[in-house]
Amino acid sequence: EEDKYKGGEYYDNQTFGIDLKREKQINIRNLSLHASNKYDYNSDSDYGKYSNIFTAGLTKSFLINKDSKFSLTLGPSVHSIFGGDSCDESQDCGETYYSRSIFGNYSNQLSKRFELNITNEYTTSYASKPLYGNEFTSTLTFRPSESSDFNTSFKYSNFYKEYSDPEVNHGYSLNIGYDF
């Protein structure tokens, strides 16, 4: 079989993701209720082209100092994996599984104009065998002035999703944004 990634031919890949999160403070020891839904589409995946993970759990927030904070979220999840040319050949594709998720987020206001944000999301889905996924991102954001809603950020991401694309993927992006 010819490798579709080599040979100098035109290669096109589309990805799409929606990540919705909601936190509700319960005012007990800096805990909050957490609900999130993460949908991913990757046109390159032979199986697991569509992935949806719903998590419900608790978040514990820590204030390290006035400029730094850390939060940790734990919870059970439900993971649906479906779609792709080889989905019928995989016993795990086209099904919904119990999962568990752990999210960590660290943010630091380095100065009045620079902010660092580091996030790691780890999920284990219990299909025919445990399937692991890890998403790490770090973002350095710059604001031209203290009062500006405009920003520029540099983002590095590292993804591994055994359930859809069992290879480590690295990504870099330069973004321009506005805070509403």
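Predicted model, so just to flag it, every value in this text is computed and none were measured. (Residues numbered from 1 in each chain as written. Predicted model: local features only at pLDDT ≥ 70, side-chain atom pairs only at ≥ 80, totals over all residues. Heavy atoms only, no water.)

On to the overall build of the protein chain. Helix and strand content of the protein chain: zero helices and nine strands. For the protein chain, the succession of helices and strands along the chain, N to C, is β-β-β-β-β-β-β-β-β. The principal-axis extents of the C-alpha atoms in the protein chain amount to approximately 55 × 45 × 25 Å. Out of the 180 residues belonging to the protein chain, those deemed buried represent 34%. Restricting the contact set of the protein chain to residue pairs at least 6 apart, pairs at least 24 apart contribute 46%. Across the protein chain, the centroid of the 18 positively charged side chains sits 14 Å from that of the 25 negatively charged ones. (Helix = DSSP H or I, 4+ residues; strand = E, 2+ residues; numbered from the N terminus. Buried < 20%, exposed > 50% of the residue type's maximum accessible area, 1.4 Å probe, protein only. Contact = heavy atoms within 4.5 Å. Lys, Arg positive; Asp, Glu negative; His and termini not counted. Charge placed at Lys NZ, Arg CZ, Asp CG, Glu CD.)

A contiguous nonpolar surface patch, about 640 Å² in accessible area, is contributed by Leu-110, Phe-114, Leu-140, Phe-154, Tyr-172 and Leu-174. Along the chain, Tyr-172 falls in strand E9 (residues 165-178). (Patch = residues over 30% accessible without salt bridge, like charges linked within 9 Å, V, L, I, M, F, W, Y side chains within 5 Å. Areas by Shrake-Rupley, 256 points an atom, 1.4 Å probe, with all protein chains shown as cover. Salt bridge = Lys/Arg side-chain N within 4 Å of Asp/Glu carboxyl O.)

With that settled, the discussion passes to the pairing of strand E6 (residues 114-126). By the bridge criterion, eleven bridges tie strand E5 (residues 95-109) to E6 in an arrangement that is antiparallel. Bridging across to E6, Ser-107 finds its partner in Asn-117. What sits between E5 and E6 in their antiparallel hairpin is a turn of four residues. Where E6 lies against strand E7 (residues 130-142), 13 bridges are found, and the strand directions are antiparallel. Paired with Leu-116 across the bridge in E7 is Leu-140. Connecting E6 to the antiparallel partner E7 that follows it, the hairpin turn spans three residues. (Pairing = 2+ DSSP bridges.)

Scanning the model with the defined rule gives nine salt bridges in all. Its salt-bridge partner being Asp-179, residue Arg-143 comes within 2.7 Å of it at the nearest N-O pair. Pair noted here: Arg-143 is in the loop between E7 and strand E8 (150-161) and Asp-179 is in the segment after E9, with a separation of 36 residues, a long-range link. Salt bridges here are not isolated pairs; linked through shared partners, they connect Asp-19, Lys-21, Lys-38, Asp-40, Glu-121, Glu-135 and Lys-161.

Moving on, we get to the state of the cysteines. Simply put, the disulfide is a covalent bond whose two ends are the sulfur atoms of two cysteines. All told, the structure shown has one disulfide when counted by the stated rule. There is a disulfide in this structure between Cys-87 and Cys-93, and the S-S distance comes to 2.0 Å. On the S-S bond that ties Cys-87 to Cys-93, the torsion sits near -100°, and the link is left-handed. (Disulfide = S-S within 2.5 Å.)

Along the chain, the position of Lys-161 falls in strand E8. Take Lys-161: its relative accessible area is 15%, and that puts it in the buried class. One polar contact links Lys-161 to Asp-40, side chain to side chain, over a distance of 3.1 Å. The residues touching Lys-161, leaving out its near neighbours within four places in the chain, are Asp-40, Tyr-132, Gly-133, Glu-135 and Pro-166. (Polar contact = N/O pair within 3.5 Å; in protein donor to acceptor, adjacent residues only side chain to side chain.)

For the rest of this paragraph, the subject is empty space enclosed by the protein. Summed over all chains, the structure comprises one cavity of 30 Å³ or more. By volume, the largest cavity is sized at about 120 Å³. Surrounding the largest cavity, 15 residues form its lining, Lys-38, Ile-53, Phe-103, Glu-121 and Thr-123 being those nearest its centre. Those elements giving two or more residues to the lining of the largest cavity turn out to be strand E1 (15-25), strand E2 (31-42), strand E3 (50-65), E5, E6 and E7. When its residues are assigned to classes, the lining of the largest cavity shows four nonpolar, six polar and five charged. (1 Å grid on protein atoms, 1.4 Å probe; cavity = no way out; pocket = protein on both sides within 12 Å on 5 of 7 lines; lining within 4 Å. Points joined across faces, edges and corners; volume = space filled by probe spheres on them. Nonpolar A, V, L, I, M, F, W, Y, C, P; charged D, E, K, R; others polar.)

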